[in-house]
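Residues per chain are reported as follows:
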Amino acid sequence: MARAELANGTDPKVRAMAEEVIRTQQAEIVKMQAWLAERQATKKGTR
């Protein structure tokens, strides 16, 4: 939804909120990817 707002929206406040949502979620995605990679490495080490 945030990306759709940036592509089509015109309200500056809503666009700013969309940008913040994207930034926040991207940081969370990076954390989760790191956690998953760490977990997979741990699993491989225990086999």
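Whatever comes next refers back to the structure up there.
Residues numbered from 1 in each chain as written. Predicted model: local features only at pLDDT ≥ 70, side-chain atom pairs only at ≥ 80, totals over all residues. Heavy atoms only, no water.

Q: Can you help me understand the overall build of the protein chain in this one?
A: Helix and strand counts for the protein chain stand at two helices and zero strands. When the backbone C-alpha atoms are referred to their principal axes, the protein chain occupies close to 55 × 15 × 10 Å. Considering the protein chain as a whole, with its 47 residues, one finds that 9% of them fall into the buried category. When the accessible surface of the protein chain is summed, it comes to about 4,300 Å², and 57% of that surface belongs to carbon and sulfur atoms. Each charge class in the protein chain was averaged separately, 9 positive and 6 negative side chains, and the resulting centres sit 12 Å apart. (Helix = DSSP H or I, 4+ residues; strand = E, 2+ residues; numbered from the N terminus. Buried < 20%, exposed > 50% of the residue type's maximum accessible area, 1.4 Å probe, protein only. Areas by Shrake-Rupley, 256 points an atom, 1.4 Å probe, with all protein chains shown as cover. Lys, Arg positive; Asp, Glu negative; His and termini not counted. Charge placed at Lys NZ, Arg CZ, Asp CG, Glu CD.)

Q: Sorry, what's going on with helix α2 (residues 12-45) here?
A: Counting along an α-helix, one turn takes 3.6 residues, and residues three or four places apart therefore face a common direction. If you check α2, its first and last C-alpha atoms are 50 Å apart, about what 34 residues at 1.5 Å a residue would give, namely 50 Å. Structurally, the start of α2 carries an N-cap: the backbone nitrogen of K13 is 2.8 Å from a side-chain oxygen of D11. (Expected span 1.5 Å × (residues − 1). Polar contact = N/O pair within 3.5 Å; in protein donor to acceptor, adjacent residues only side chain to side chain.)

Q: Help me understand the environment of E20, please; the structure alone is not making it clear to me.
A: Looking at the secondary structure, you find E20 in helix α2. Classification of E20 as partly exposed rests on a relative accessible area of 39%. For the pair E20 and A4, spaced 16 residues apart in sequence, the C-alpha separation works out to 14 Å.

Q: I tried to follow a nonpolar patch on the surface on my own but got confused; where do I start?
A: The grouping of V14, M17 and V21 at the surface amounts to a nonpolar patch, some 230 Å² of accessible area in total. In this fold, V14 is placed in helix α2. (Patch = residues over 30% accessible without salt bridge, like charges linked within 9 Å, V, L, I, M, F, W, Y side chains within 5 Å. Salt bridge = Lys/Arg side-chain N within 4 Å of Asp/Glu carboxyl O.)

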